[in-house]
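Examining the three-dimensional arrangement
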Amino acid sequence: MSTQAADSTTKIEAGSEVDPLGIGTPLPLGQVSSESEARPSLSESKAPAYVKIYLQDDCLKHRFIRSRDTSSIVERPERLRAVKIGLAAAIARIEEAEGALKPSDANVSVEDELVAALGKMDIAASDAGLIRARSISVTRSTATVDLLDNAAVKYIHGDIDGDVYLQNLKAWARDSEDNITKKGSEMPEGMPPLDLYLCPSSIDAIQGAIGAVCQAVDAVIASTRANPSTNPQRAFVAVRPPGHHCGEDTPSGFCFVNNVAIGAAHAHLKHRIQRVVVLDIDLHHGNGTQSIVWQINEETYQQTLESEQSPSEPNAPPSTRGPQIFYGSMHDVLSFPCEDGKASFVQAASTSMHGPHGQHIENIHLQTYSSETYFWDVLYKEQYSALLKRASQFLDSTGGPGDDVMIFISCGFDACEHEYPSMSRHNRKVPTSFYHRFALDTCAVADVYARGRVVSVLEGGYSDRALSSGAMAHICGLVGDAVQVDERWWDLENLIKLEKATKARKFVRPSLGNADPEPWLTRTSELLSHIDLYRTPPQPSSRNWVPPTSRTLRERKKLSRNRSTPEVVSNPGKDTQTPVPMSSTSASAFESEVVSPLVAKKLPRVILHVRPPEGTS
């Protein structure tokens, strides 16, 4: 990119230009359709894009082990189940809209459930025909990378003097149990103790998350290059821990590596993607991503200047340049990492720079809204949609549409109206339908500039309702406007029904109420039972949660004359141990965990009065 092109960008005032993509033009509330409206037949409607959903079970292995008290930990493995509920509900609703859901789906017999349960034992890596929607598939990814031997990871997090940060990260996780025992924390001094935590299997989760993102990038690009005339393939990658707060060597805000930045680097290094758009819709500013993007753009800009100033040798191969990246974020500037008002964070989260020094950065601050009408007609149309207009302008100024373009979404759901009040305490929120509408508009930009390529990667979102409703709306948006989406699918009434139908219970069927269940709810439960096979692993057992004790044979017991329960006879001089209740997640496979001796409970005395039946002598 030449210096002249870099500086030619002019400021766009909201509403000052004709928008050929229709970005920011309010839908009739997300193309809401009532059940009484006639829907076009599939033969008359536009073929939808194909969306692949990627799950990675290794991401469940990242757990907080510093204490059994996890009440203050919001970035937890259970987040992924909430996302899966939203994904299953979206698939069920889309099947219903496409006419693939039959009323008989609401009447599933116990025998059918047993057959389905047996079938789950040998489920394949993909949905293997389970999903009837013509536009969606689910892949259980087993892809992983080696942090110390992956070009894209090194491109983002490597160091000139070696992989210092990556080596440290693996060591922190490997030694986490020992460091907790010795120092009370597995993280180095100076790092926030609740924002960051590790366990020995965290590296599996981190490497698996990267692997799934790179697998999605490969599939999306391959689908558009192998047969460009086919419908574009888009991807949603449900992984954790998140990544957008992590810089080159600065973990922060639950993030240890930057998943989206690594995905962009992978697209550049392996598939020659030269222009990347990253759209960050998490509640919090992606300070790590912006920092990485700034460094990459700076290097690419310097390479451009050097190539222009030094004449090339005859017959010399063209010089290779780094990618150009647009980073756009809409976030709450009053929240993390800006909550303390630190100048560097606030300034970074407020930067708007388009062209000079090769930088393409746009930050938009979320505002409060009094009604959804105000949100869509004012905030979204005049402010938030400017993120996509800026991205389009970046692509126009760097060559227009091309095969070297790819779009990523850093998809956090923590700005959702259903997020925990403690997380969205400044009331900078968006309605759930935002995740549907923003996905639609992003895909419209991708269809024009990037051959439809969109990879969306999970970032934040912490309450179950925010995650499930946001994921549901987002997937419906990625499918495109060929499917008639009704925004009432994720209204509060239906979300409550969804939560009741999918509530996790042990040995009990999900409750669908007394009335006949709606087919989409039954179908959601069926889909969830297949895609949520693996639950949170048990707590590790290699470190002692209680002081070690000498194990001896169980002592003989004798009954006290005045007690109805046996007393434990202990040898004099033996140290006694205070009993600690075992976690419900412990399993017999972990036999090295120290178990304290049981102390007999004193049971209440119960006296039964037996009387003869009335009318008898």
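All values reported here derive from a predicted model rather than from experimental measurement. All chains use their own residue numbering, which begins from 1 and follows the written sequence. For this predicted model, a pLDDT threshold of at least 70 governs which residues receive local features, and a threshold of 80 or more governs which side-chain atom pairs are given and counted, while totals over whole chains, interfaces and linings are taken from all residues. Excluding hydrogens and water, the side-chain figures rest on all heavy atoms present in the structure.

1. Here's the deal with the sheet that holds strand β3 (residues 233-238)
Spatial ordering of the open sheet is given by β2-β1-β3-β9-β8-β4-β5-β7-β6, a layout of nine strands whose pairing is mixed. The open sheet has two edge strands, β2 (136-140) and β6 (352-354), and neither has a second partner. Averaged over all pairs of adjacent strands, the angle between their axes in this sheet comes to 15 degrees, without regard to strand direction. Criterion used throughout: strands pair if DSSP finds at least two bridges between them. Only DSSP runs of H or I reaching four residues or more are called helices, and only runs of E reaching two or more are called strands; each is numbered from the N terminus. Summarising the sheet, strand β4 (residues 275-280) and strand β8 (residues 405-411) pair through six bridges and their orientation is parallel. Of the residues in β8, the one forming a bridge with V278 is F408. Think of each axis as a best-fit line through the C-alpha atoms, taken over the contacting stretch in the case of a helix, with angles from 0 to 180 degrees between the N-to-C directions.

2. Some remarks on helix α8 (residues 259-271)
Each helix should span, by expectation, one fewer than its residue count multiplied by 1.5 Å. The end-to-end C-alpha distance of α8 is 17 Å, a good match for the 18 Å that 13 residues give at a rise of 1.5 Å each. Remark: exposure states derive from per-residue accessible area (1.4 Å probe, protein chains only) relative to the maximum for the residue type, with buried under 20%, exposed over 50%, and partly exposed in between. Along α8, the residues that are buried comprise N259, V260, A261, I262, G263, A264, A265, H266, A267, H268 and H271. Should any heavy atoms of two residues lie within 4.5 Å, those residues are counted as being in contact. Where α8 is buried, its residues touch α4 (151-157), α7 (202-226), β4, α9 (287-309), β8 and β9 (454-458). Trailing α8 by a residue or two, R272 shows a phi angle of about 60 degrees, which is positive.

3. As for the confidence of the model for the protein chain
The predictor attaches a confidence to each residue, and that confidence, scored 0 to 100, is pLDDT. Per-residue confidence for the protein chain gives a mean pLDDT of 81; residues scoring 70 or more make up 70%. Taken as a whole, residues 540-601 scores under 50 in pLDDT and shows 67 contacts with residues more than four places along the chain or in a different chain.

4. Description of unusual backbone geometry
Residue P241 follows R240 across a cis peptide bond; omega there is 0 degrees. By secondary structure assignment, the location of P241 is in the loop between β3 and α8. Residue P337 is bonded to the preceding F336 through a cis peptide linkage, with omega at 0 degrees. Of note, P337 is situated in the loop between β5 (324-331) and α10 (343-348). Positive phi is not limited to glycine here, since N427 has a value of about 65 degrees. For N427, the location among the structural elements is in the loop between β8 and α13 (433-449). Relative accessible area serves as the criterion here: at 41%, N427 is assigned to the partly exposed category.

5. Section: the packing of helix α12 (residues 386-397) against α13
Running from amino to carboxyl end, α12 crosses α13 at an angle of 10 degrees, the nearest separation of the two axes being 11 Å. Comparing the axis directions of α12 and α13 gives the class roughly parallel. Packed against α12, whose contacting residues are L387, L388, S392, L395 and D396, the element α13 presents F438, D441, T442, V445 and Y449 at the interface. Any angle from 65 to 115 degrees is called roughly perpendicular, while one under 35 is roughly parallel, one over 145 is roughly antiparallel, and all others are oblique.

6. Quick notes on the environment of E186
Relative to the helices and strands, E186 is located in the loop between α6 (176-183) and α7. Taking the C-alpha atoms as reference, E186 lies 8.0 Å from C199; in sequence the two are 13 residues apart. Ignoring any residue separated from it by four or fewer positions in sequence, one finds E186 in contact with R66, W172, S176, N179, I180, L196, Y197 and L198. Think of a polar contact as two N or O atoms within 3.5 Å of one another; within protein, one of them needs to be a possible hydrogen donor and the other a possible acceptor, and neighboring residues in sequence only count if both atoms come from side chains. At a separation of 2.8 Å, a polar atom in the side chain of E186 contacts the side chain of R66. One polar contact links the side chain of E186 to the main-chain amide nitrogen of L198, over a distance of 2.8 Å.

7. Some words on the pairing of strand β7 (residues 360-365)
Burial analysis of β7 places five of its six residues in the buried class, which makes it a mostly covered element. Strand direction decides the pairing type here: β5 and β7, joined by five bridges, are parallel. Bridged to G328 within β7 is E362. Pairing analysis gives three bridges linking β6 to β7, with the strands arranged antiparallel. Residue H354 lies in a different strand from β7, and its bridge partner there is H360. Once β6 ends, the chain turns through five residues before running back antiparallel as β7, passing G355 with a positive phi of about 120 degrees.

8. Examining the environment of S135
By the element assignment, S135 lies in the loop between α3 (110-120) and β2. In this structure S135 comes out as buried when scored by relative accessible area, which is 1%. On a C-alpha basis, the gap between S135 and N231 in space is 9.8 Å, while along the polypeptide they are 96 residues apart. A polar contact of 3.4 Å, which involves the side chain of S135, links it to the side chain of E98.

9. Here we look at the side chain of H530
With respect to the helices and strands, the residue H530 is situated in helix α16 (residues 519-531). Owing to a relative accessible area of 11%, H530 belongs among the buried residues under this scheme. There is a polar contact of 2.9 Å between the side chain of H530 and the backbone oxygen of E526.

10. Re the pairing of β3
Counted residue by residue, β3 has six buried out of six residues, so it is predominantly covered. Side chains Q233, A235 and V237 of β3 all project onto a buried face; the interleaved residues R234, F236 and A238 project onto the opposite face, where all are buried too. Alignment of strand β1 (residues 50-55) against β3, held across six bridges, turns out to be parallel. Of the residues in β3, the one forming a bridge with L55 is A238. As paired strands, β3 and β9 are joined by four bridges and run parallel to one another. The residue bridging V237 from the neighbouring strand is V457, located in β9.

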